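So the chains spell out like this:
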Amino acid sequence: MSRDIVAEPLTAEAFAPFGDVLEAAGAPDKVINQGRCGRWHDLARLDFGEGRAGISLFEAEARRLPLTLEMMERHPLGAQAFLPMSADPFLVVVAPDAGGAPGRPRAFLTSGAQGVNYLVGTWHGVLTPLAAPGRFAVVDRIGAGANLEEHWFEAPWIIRTG
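**Q** I would appreciate a short explanation of unusual backbone geometry in the present structure.
**A** Backbone geometry follows two general trends: most residues other than glycine have a negative phi, and most peptide bonds adopt the trans configuration. Of note, the bond from L65 into P66 is cis; its omega dihedral lies within 30 degrees of zero at 0°. One can find P66 in the loop between β6 (52–59) and β7 (67–74). Backbone geometry at Q34 places phi at a positive 60°, although glycine is not the residue there. By the element assignment, Q34 lies in the loop between β4 (30–32) and β5 (37–39). The exposure class of Q34 is exposed, given its relative accessible area of 79%.

Here you go:
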């Protein structure tokens with residue numbers, strides 16, 4: 001079996017089993033503020049279990065493709081949304097659960113105007129901006145309990161562009 005993964009464009013349909021694509025696509029759902037503001041309403045299936053929602057800022061080192069994927073993580077107690085604070089594409093890596101470990105990963109390239117929300121328990125790669133400064137607003141669970149599981153692969157996967 002090939003350990004190469006070709007990154008594909010991020011679409012709501014392809015990403016749906018893992019979470020939500022956050023983007024202002026099409027016409028807004030609502031127009032508010034005296035007709036001066038469009039609102040794309042309730043775009044993410046946020047779930048924080050017994051915790052509460054928190055907003056944090058992350059700044060991750062920019063990476064390049066091809067990328068060696070050695071580890072994935074998941075958060076069993078809460079969803080996690082990443083909203084880029086620049087208009088730069090970033091890499092999103094997810095995998096289905098295969099008996100408590102990640103199955104074959106899938107990789108997506110954002111358009112630069114998209115964020116993502118990972119559903120509770122979704123295996124995903126670490127934050128992977130492709131340009132500096134790699135700054136993101138992150139909405140995730142704040143609360144008691146172990147909300148991080150990591151899985152290290154016996155052999156790494158290689159993620160490339162198409």
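Further notes follow.
**Q** Explain the side chain of H124 to me, please; I cannot follow it from the model alone.
**A** If you trace the backbone, H124 turns up in strand β12 (residues 123–124). A polar side-chain atom of H124 sits 3.2 Å from a polar atom in the side chain of H75. For H124, the contacting residues outside a window of four places in its chain are M72, E73, R74, H75, Q80, V93, V94 and Y118.

Conventions we followed
Residues numbered from 1 in each chain as written. Predicted model: local features only at pLDDT ≥ 70, side-chain atom pairs only at ≥ 80, totals over all residues. Heavy atoms only, no water. Helix = DSSP H or I, 4+ residues; strand = E, 2+ residues; numbered from the N terminus. Buried < 20%, exposed > 50% of the residue type's maximum accessible area, 1.4 Å probe, protein only. Polar contact = N/O pair within 3.5 Å; in protein donor to acceptor, adjacent residues only side chain to side chain. Contact = heavy atoms within 4.5 Å.

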